[in-house]
Structures are given as structure tokens and as C-alpha cells.
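This is what each chain is made of:
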Amino acid sequence: DIYDSSNSLENSFANLSSEFYLNYSGLADGIYYFNATAYDLAGNKNSTETRNITLDTTTPLVDYGIGTLTNGVNASQTHVYVNVSVTEINEANITFRLYNSTGVVNTTTYITSVRDINFTGLVDGTYTYNVTVTDKVNLQNTTLTRRIILDRTAPNASLLSPTNNSYVNSSSNNFTANISDNLSGIINATLNIYNSTSLVNQTTTSLTGVLTN
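Residues numbered from 1 in each chain as written. Predicted model: local features only at pLDDT ≥ 70, side-chain atom pairs only at ≥ 80, totals over all residues. Heavy atoms only, no water.

*Asks:* What should I look at first to understand the overall build of the protein chain in this one?
*Replies:* From N to C terminus, the protein chain includes zero helices and 20 strands. Relative to all contacts within the protein chain whose residues are 6 or more apart in sequence, the contacts with residues 24 or more apart total 50%. When the accessible surface of the protein chain is summed, it comes to about 14200 Å², and 48% of that surface belongs to carbon and sulfur atoms. (Helix = DSSP H or I, 4+ residues; strand = E, 2+ residues; numbered from the N terminus. Contact = heavy atoms within 4.5 Å. Areas by Shrake-Rupley, 256 points an atom, 1.4 Å probe, with all protein chains shown as cover.)

Dropping the structure here:
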């Protein structure tokens, strides 16, 4: 006899031949209980212990949740927060992985249903991360790997010309500045030109490199 998790009889089979095995097929995922009883011609009987087994053919589902940075984001912070949602009734463990450009920064595995982690104390750089869920029959699923940049360092800017007061007596009106950023790239840069009393020109560009006006 085989029973489902609600103790309802799923299937029963009586065999009068010498074949002492049976394969139940087409069963849905779930918990099942089974035993066997033998009778002799005198009416005596004996039963095995009742055993249980969990059938699981479904791969876990895992996806990023609220608060997780989207792929390609530049963030001015020293932490990476990762939150996921999981669909799996027989979860064995969940593993959060964080990498930088040189290798593994942190790998943390929980055997309980933890759904988020905050990697802290990180230096500026490019990071990737993903999350893997494994169930009790070793079926696995992993999120897409996301890539982000942590950047708390201000861009560099320097005036190339004029230098000091070299243009005080010059007829040239060219002003050149160099701008750069090692990680995130420049969103925009603005060159402000003043006379002795007020702002006379303002030029904005979204390109890195040399800014001339």
C-alpha cells in the first residue's frame, strides 16, 4: 500500500505470484508513505515498517527581490545588498556569492530560508553577484549574474590652460580643462569662466577627456 501526505490511499496492489516487487509510477511531487503485508495460506500475516519518501522533480525558482541593485548600476556606497524570492518546498540550502575583478570576495551558504544578505566594508571597484538555491534532491537554480560598480571617489579635474596668470596679458580666449574618472565614467563636466565680477561662460559636456572653450 502507498499513501500520500494526507494519509489517503494512493494505490494498493495484491500479488499472488512469487514477484515481490512493484514500481509505482506517474506520481506527483509530494510525501508518500508505503508498506507491504504478506499472508500465508493459514491466514497469518506480517507487515513491514511504514517508510516515507519525498518525491521532488521540480527545480527551485529564485529571482531578485526588492532592494537589490539592478544590473549595470553605479553606486556611491561600500555595501552590496542582495534580496531574493524563492519557490521551493524542499529547500536544502541557499548560497550568496560576491565577486570582484580578481575573484571571490564572499561565499555564504545558509541551511535555513534566509532571503537576503548585505555584503559590507567593500572598496571601490567592479562587483558581480548571484544566488543559488539547492533542494534536498540536489536540484539547483541560480539567478542571473548581475554586475555593478561601487565608486565613492570623486572625479579628477585639472585646468590645462591658462596656467597661473599666463593669460593675463594675452589676446587668446581659449580655456582648456582635463577631466577623468577611474571607475564610473563622467556623466557630465562643466567649465565655468569668470571675469572679475561675474560668470561670463559655462560649457557642459558628457564626454571624458579634454574640455575646451
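*Asks:* What exactly am I supposed to notice about the environment of asparagine 178 here?
*Replies:* Mapped onto the elements of the fold, asparagine 178 is located in strand β17 (residues 176-180). By relative accessible area, asparagine 178 is classed as partly exposed at 26%. Between the C-alpha atom of asparagine 178 and that of serine 161, which follows or precedes it by 17 residues, the distance is 9.7 Å. (Buried < 20%, exposed > 50% of the residue type's maximum accessible area, 1.4 Å probe, protein only.)

*Asks:* Even after reading the chapter, I still don't get the environment of tyrosine 33, so can you show me in this structure?
*Replies:* Mapped onto the elements of the fold, tyrosine 33 is located in strand β3 (residues 30-34). Taking relative accessible area as the criterion, tyrosine 33 reaches 28% and is therefore assigned partly exposed. Note: C-alpha distance between tyrosine 33 and asparagine 52 (19 residues apart in sequence) is 4.2 Å.

*Asks:* Just to check I follow, could you spell out the nonpolar core for this structure?
*Replies:* Side chains of a nonpolar character, in soluble globular proteins, are inclined to be buried together. Ranked by internal contacts, the top residues of the largest apolar core, which has 21 residues, are Val80, Val82, Val84, Phe96, Phe119 and Tyr129. Listed by contribution, the elements that provide at least two residues to this core are β7 (61-64), β9 (80-87), β10 (91-100), β12 (116-119), β13 (125-135) and β15 (146-150). Not counting residues up to four positions away in its chain, the partners in contact with valine 80 are Leu98, Ile117, Asn118, Phe119, Leu122, Tyr129, Ile148 and Leu150. (Core = buried A, V, L, I, M, F, W, Y, C linked by side-chain atoms within 4.5 Å.)

*Asks:* Would you take a moment to explain the sheet that holds β12 for this structure?
*Replies:* Hydrogen bonding along the main chain pairs the strands of a sheet, whether they run parallel or antiparallel. Sheet architecture is open: three strands sit in the order β7-β9-β12, paired in antiparallel fashion. Edge positions in the sheet fall to β7 and β12, since each has one partner strand and no second. Direction aside, neighbouring strands of the sheet carry axes that sit 25° apart on average. Pairing geometry for β7 and β9, over four bridges, is antiparallel. By the bridge assignment for β9, aspartate 63 is matched with serine 85. (Pairing = 2+ DSSP bridges. Axes fitted to C-alpha atoms, helices over the stretch in contact; angles between N-to-C directions.)

*Asks:* Which parts of the structure should I look at to understand unusual backbone geometry?
*Replies:* Excluding glycine, a negative phi dihedral is what most residues carry, and trans is how most peptide bonds are arranged. Backbone geometry at asparagine 138 places phi at a positive 70°, although glycine is not the residue there. Here asparagine 138 is to be found in the loop between β13 and β14 (140-142).

*Asks:* What am I meant to see in the side chain of asparagine 130 here?
*Replies:* With respect to the helices and strands, asparagine 130 occurs in strand β13. What makes asparagine 130 buried here is its relative accessible area of 10%. There is a polar contact of 3.0 Å between the side chain of asparagine 130 and the side chain of threonine 145. Beyond its immediate sequence surroundings of up to four residues, asparagine 130 is in contact with Tyr64, Thr95, Phe96, Arg97, Tyr99, Thr142, Thr143, Leu144 and Thr145. (Polar contact = N/O pair within 3.5 Å; in protein donor to acceptor, adjacent residues only side chain to side chain.)

*Asks:* Honestly, the pattern of salt bridges in this entry has me stumped. Any pointers?
*Replies:* In a structure, side chains of opposite charge can pair up when their charged atoms sit close to one another. For the structure on display, the rule yields two salt bridges. A salt bridge links arginine 51 to glutamate 49; the shortest N-O distance between them is 3.1 Å. A salt bridge links glutamate 91 to arginine 115; the shortest N-O distance between them is 2.6 Å. Of this pair, glutamate 91 sits in strand β10 while arginine 115 sits in the loop between β11 (103-110) and β12, and the two are 24 residues apart along the sequence. Residue classification places arginine 115 among the partly exposed positions, given a relative accessible area of 22%. (Salt bridge = Lys/Arg side-chain N within 4 Å of Asp/Glu carboxyl O.)

*Asks:* When you look at the packing of aromatic side chains in this model, what are you seeing that I'm missing?
*Replies:* To describe a pair of aromatic rings, you give the distance between the ring centres and the angle between the ring planes. Overall, the coordinates contain two aromatic pairs when judged by the stated rule. Measuring from ring centre to ring centre gives 6.1 Å for phenylalanine 96 and tyrosine 110, while their planes differ by 75°; the resulting arrangement is edge-to-face. Of the two residues, phenylalanine 96 is situated in strand β10 and tyrosine 110 in strand β11; the sequence distance between them amounts to 14 residues. With a relative accessible area of 0%, phenylalanine 96 lands in the buried category. Residue tyrosine 110 is classed as partly exposed on the basis of its relative accessible area of 27%. (Phe/Tyr/Trp six-rings, centres within 6.5 Å; stacked < 30°, edge-to-face > 60°.)

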